[in-house]
Amino acid sequence: MGLSGVQRTLKFVKYLKNYNWEPTVITTGKVAYFAHDDSLQKELDETGVRVIRVAGSDPNSILSKKGTIKLPSELIRNTFNKLSQIFFIPDNKNSWSKKAFEKATELIASEHFDCVFITGPPFSQFDAFSSLKKNIIFP
């Protein structure tokens, strides 16, 4: 994708290797979205950072074959936003957050990590990952 949250995380992990950190990123799979920036993917590829993509069953993932979609009108966006706030608490990425947590749990069981860093949105991942420290003992 191509908005500020993607750039913030990309620029953060891009420079971790300069400080002897070896990041592994768990992120979404392909999604339908109104802002894709292929130059950010190219920049990420050039870093050599390991990226693990996890697909969810949220609306954007289900529509992933559509790729870059047209930005809906303000009325439609507001309507979907209100419906999403009613039916999906804290957000519509709950399924992805749970799958990302499962993948992180699997990785931590088989590899050594010094730190887990989570950024959002989506805020559902904070809920999903809140049990990480309680349920997993870091080696």
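Residues numbered from 1 in each chain as written. Predicted model: local features only at pLDDT ≥ 70, side-chain atom pairs only at ≥ 80, totals over all residues. Heavy atoms only, no water.

Caption draft 1: Layout of the confidence of the model for the chain. In the predicted model, the chain carries a mean pLDDT of 83, and 87% of its residues have values of at least 70. Per-element confidence in the chain ranges from a low mean pLDDT of 68 for helix α3 (residues 59-62) to a high of 93 for strand β2 (residues 50-54). (pLDDT = per-residue confidence, 0-100. Helix = DSSP H or I, 4+ residues; strand = E, 2+ residues; numbered from the N terminus.)

Caption draft 2: Layout of the nonpolar core. Ile-52, Val-54, Trp-96, Ala-100, Phe-101, Ala-104, Leu-107, Ile-108, Phe-113, Ala-128, Phe-129 and Leu-132 form the largest nonpolar core, which has 12 residues in total. Contributions of two or more residues to this core are made by β2, α5 (94-110) and α6 (124-129). For this core, the element with the highest residue contribution is α5, accounting for 6 residues. (Core = buried A, V, L, I, M, F, W, Y, C linked by side-chain atoms within 4.5 Å. Buried < 20%, exposed > 50% of the residue type's maximum accessible area, 1.4 Å probe, protein only.)

Caption draft 3: Seen up close, the packing of aromatic side chains. This model, assessed by the stated rule, comprises 3 aromatic pairs. Plain terms: the ring middles of Phe-123 and Phe-126 are 6.1 Å apart, the flat faces sit at 20° to each other, and that makes the pair stacked. The class of Phe-123 is partly exposed, set by a relative accessible area of 47%. Of the residues examined, Phe-126 reaches a relative accessible area of 37% and is grouped as partly exposed. (Phe/Tyr/Trp six-rings, centres within 6.5 Å; stacked < 30°, edge-to-face > 60°.)

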